[in-house]
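Overview (structure and organization)
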Amino acid sequence: MELQWNAQGPANVLDNVTEFRLNHTDTASATPAEIWWSALVVLDGTSVSTFHDSLDSSFAQQFLIPEEHAEDDALYPGEEHILTVYAQAAVMRQLNTVGNGFGVASISLGSIVQPPMLDMPMMVGADGGGAPEDDTFPADTITMAVIDDGIAFGHNQFRSGLTETRIEGIFIMDAYVPGAGDIGVKLSKRKIDKLLRENTHSGLLDEESFYREAGSINRAQKFFSTTTFRRSHGTHVLSLAAGYDMMDAPKNRPIIGVQLPTRVTEDTSGSNLAPSLRSAIRYILRQSRKIRIGGPSGPIAPLVVNFSYGNFAGPHDGTGLIARIIDRELKSTPDQEIRVILPAGNSNLSRCHAAVSFENVANDDRVALDLRIYPDDYTCNYVQMWLPYSADPTPPDYVNVRVTPPNSTQSMAVSATLGAKQELHNEFGEVIAVLAYEMEPAPTKRGLITLSVNPTSSQNASIKLAPSGLWVMEFEKGDIADDQYVEVRIERDETLPGYPPFGRQAYFDNACYVRFDEFGAPLSVDPPDSDCPIRRSGTLSGFASGKVPMVVGALTESNGLLSDYSSAGPISAMRNRTVPNRVGPDASARADDSPVFLGVLAAGTRSGSMVRMNGTSVSTPLVARYVANGLADNQPADRAWLSACAAASDLAHFPQPKPSDTRTGGGRLQVPYPFAPGVAEA
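Notes on the structure follow. What you see is a predicted model, and the numbers here were worked out from it, not measured in a lab.

Details of the packing of helix α9 (residues 273–288) against helix α10 (residues 321–329)
The axes of two packed helices give the description: the angle between them and the distance between them. It is the contact of α9 with α10, at a shortest axis distance of 10 Å, that shows an interaxial angle of 10 degrees. Looking at the two axes, α9 sits roughly parallel to α10. Listed contacts from α10 to Leu273, Ala274, Leu277, Arg278, Ile281, Arg282 and Leu285 of α9 are Ile322, Ile325, Ile326 and Glu329. In terms of residue class, the contact of α9 with α10 is made up of eight nonpolar, no polar and three charged.

Describing the state of the cysteines
Under the defined criterion, the tally for this structure stands at one disulfide. Each sulfur in the disulfide pair Cys512 and Cys532 lies 2.3 Å from the other. In this structure, the disulfide formed by Cys512 and Cys532 twists by about 55 degrees around the S-S bond and is classed as right-handed. Highlighted residues: Cys512 in the loop between β25 (507–508) and β26 (550–556) and Cys532 in the loop between β25 and β26, separated in sequence by 20 residues.

Regarding the pattern of salt bridges
Pairing between side chains of opposite charge can happen when the charged atoms of each approach one another. Applying the stated criterion to the full structure yields 29 salt bridges. Across the pair Glu423 and Lys421 runs a salt bridge, and its minimum N-O distance is 3.5 Å. Residue Lys421 is classed as buried on the basis of its relative accessible area of 10%. Among the salt bridges present, the one from Asp526 reaches Arg536, with a minimum N-O distance of 3.0 Å. Residue Asp526 is found in the loop between β25 and β26, and its partner Arg536 is found in the loop between β25 and β26; the two are separated by 10 residues along the sequence. According to the relative accessible area criterion, Asp526 is partly exposed, its value standing at 22%. Residue classification places Arg536 among the buried positions, given a relative accessible area of 2%.

Re the pairing of strand β9 (residues 167–172)
Most of β9 is tucked away, with six of its six residues classed as buried. Strand direction decides the pairing type here: β9 and strand β13 (residues 255–259), joined by five bridges, are parallel. Along β13, the bridge assignment pairs Phe171 with Val258. Bridge analysis of β9 against strand β10 (residues 185–188) gives four bridges, and the strand direction is antiparallel. The residue bridging Gly169 from the neighbouring strand is Ser188, located in β10.

Re the pairing of strand β24 (residues 486–490)
Within β24, five of the five residues are buried, which leaves it mostly tucked inside the rest of the structure. Of the two faces of β24, the one holding Val486, Val488 and Ile490 and the one holding Glu487 and Arg489 are both buried throughout. Sheet topology places strand β16 (residues 353–356) next to β24; four bridges connect them, and they run antiparallel. Its bridge partner lying in β24, Ala355 is registered against Glu487.

Concerning the sheet that holds strand β4 (residues 81–88)
Pairing is antiparallel across the open sheet formed by four strands, whose spatial order is β3-β4-β2-β5. In this open sheet, the two strands that pair with only one neighbour each are β3 (63–64) and β5 (104–113). Note: strand β2 (residues 36–43) against β5, seven bridges, orientation antiparallel. For Leu43, the partnering residue across the bridge sits in β5 and is Val104. Along the sheet face, helix α2 (residues 48–58) touches β2, β3, β4 and β5 and points at about 20 degrees away from the line of β4.

Describing the packing of helix α5 (residues 189–198) against helix α6 (residues 207–214)
In the contact formed by α5 and α6, the axes pass within 9 Å of each other and the chain directions differ by 140 degrees. Overall, the two elements α5 and α6 adopt an arrangement that is oblique. Note on packing geometry: the crossing formed by α5 with α6 is right-handed. Contacts between α5 and α6 involve Ile192, Leu195, Leu196 and Glu198 on the former and, on the latter, Phe210, Glu213 and Ala214. Classifying every residue of the contact of α5 with α6 by side-chain character gives five nonpolar, no polar and two charged.

A word on the sheet that holds strand β22 (residues 446–453)
With antiparallel pairing, seven strands are arranged side by side in an open sheet as β1-β20-β21-β22-β18-β24-β16. Looking at the sheet topology across the chains shown, the edges are occupied by β1 (4–7) and β16. Here the average twist between neighbouring strands, direction ignored, is 15 degrees. As paired elements, strand β20 (residues 421–425) and strand β21 (residues 431–440) share five bridges and run antiparallel to each other. The residue bridging Lys421 from the neighbouring strand is Ala436, located in β21.

Considering the nonpolar core
Counting residues in each nonpolar core, the largest one holds 55 residues, and the members touching the most others are Phe153, Leu187, Val304 and Val627. No other element matches helix α11 (residues 616–632), which puts eight residues into this core. If we skip the residues at most four places from it in the chain, Val304 touches Ile142, Thr143, Met144, Ala145, Arg339, Ile341, Ala624, Val627, Ala628 and Leu631. Judged by nonpolar contacts, the second largest core, of 42 residues, contains Leu371, Ala466, Val486 and Phe508.

Rules behind the numbers
Residues numbered from 1 in each chain as written. Predicted model: local features only at pLDDT ≥ 70, side-chain atom pairs only at ≥ 80, totals over all residues. Heavy atoms only, no water. Axes fitted to C-alpha atoms, helices over the stretch in contact; angles between N-to-C directions. Helix = DSSP H or I, 4+ residues; strand = E, 2+ residues; numbered from the N terminus. Parallel < 35°, antiparallel > 145°, perpendicular 65-115°, else oblique. Contact = heavy atoms within 4.5 Å. Nonpolar A, V, L, I, M, F, W, Y, C, P; charged D, E, K, R; others polar. Disulfide = S-S within 2.5 Å. Salt bridge = Lys/Arg side-chain N within 4 Å of Asp/Glu carboxyl O. Buried < 20%, exposed > 50% of the residue type's maximum accessible area, 1.4 Å probe, protein only. Pairing = 2+ DSSP bridges. Left-handed = near helix turned anticlockwise from the far one by under 90°. Core = buried A, V, L, I, M, F, W, Y, C linked by side-chain atoms within 4.5 Å.

Don't take any of this as a statement about function, it's just geometry.
The structure is reproduced here in structure tokens:
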């Protein structure tokens, strides 16, 4: 195919990826009037009520704002407001415009929402029911909350009896019940118990019927729930965090769950996640405040939130949108102790991070990155190039970036000039890739150049395909200093286990990258003498870059080595700061039993079943359980405490000394494995 780069005039948009997605990809299969999107918007100097009223005067019946945001003006007076919006594409395009007139400073586009799930007359912020039926929780009660996908909440690990659940509330975000008046379905303990009674026969729960009636399984929907399979991520994670034998279930570990939409989880980049996560956190906070020790007027029980998701892209300095949401919404208050546990990520060996420097470059001050994009990739690929911070409101031209697609011509340079943009057109003049610059607003305030590439394969003939193969990204030195870096990050893009073919992870394929050690095993740390720009360091999940979360890496229990995939720090320091929020995770914990038996055993989707899964996603809930036990024992159970506990227990692991702080944090934590015979809780 003949490809041609064309320079475009200044793009008057806040977010180039949002524009790319609205114009070139996801909308290809339906008319604009049929498409509703979710998005997370940040309001600067505008109240939620003012935003709603001004939007309503221009786009009546074309947008919805969940009622949960009605209290934001009082909760955050004088601060920025971050809220979820559901709207048609025309509204999203307007909100993504610089000087949009609605006070929107930034926007993060989420997923497409099916119109039947939107109740047009009202958006009710239903909370899943009233106060708990049994409100006499003991003094050592800790509320356990999990945000995940495919939570089999009827599993006997989450029940205290045949027809009695330990779950005080669950939000199934992609379930649909006509007339519910809300996005998703929210079930209280009372409703779950009723479903358990109605679907239990001869002492056995008919789990298929139970999940179908609850709305968790709906085979008529386009998007499925992983609770239909033998194993699911959410069930496995929740059982490690709060699963107990039904006959010995404790009263002091009530559960709150949020099952994210399948479409959000299927897109592993995390781009779709922000709107759903914001609603999930609000639901958990509302529900957790009803769980009080000793009675309705007693103190609110402490809350431990497990969120076993990660991403590759973003500024990685704590100012990313999701990192900011977690830091603001899930910090402890005078009324409630809150702890949030996140995974370090599994991207250590993914070759998705590069740090471009010109310190030792002798070849005309140019550095090339070889970007390998797979064939049969049904999703777009995005590469972010984060420029150094600048005190100047108009950053200097640090670098010029050019891109050469496979067997094609090189683009013109894109530099740190607002609106700079190159579009790649196919032989029919259709856009299949975009290289564009934008200035990320406060608090990040950092220049960003993004390469957006269409899918390389599709079963939909209307989607315009990009070529697979080697895309060469060339960086030409501008005003960048020798000790400064351009942080280049490929967004996560893969197919998760159990999901239909979706994405294939692009990666950097430079010959200078050393993949294996002298024995042929994967090399898990960067060679000390390497000047290759592709790095294992700095791969820590962008979600885990804030101050509040306790972040957990992955440990192989049998040999005391960190799992090769476990991501490493350090993260970047925030603007005007010399020290970052963290240099790596706070601790590492069991994620693999051995190099042969990868992963750990925990609950499958049906009662009585056990399955094996691995990754930092499974070390995280084990630590969440450990933290909850620490809180119940009147320990501080905060980041410093976790790091200290890990440092103390590291001495029992071999080999010594402990791995670097950037990979393991305080050390290798010994946590009780809840499903091992004879293991007692700490």
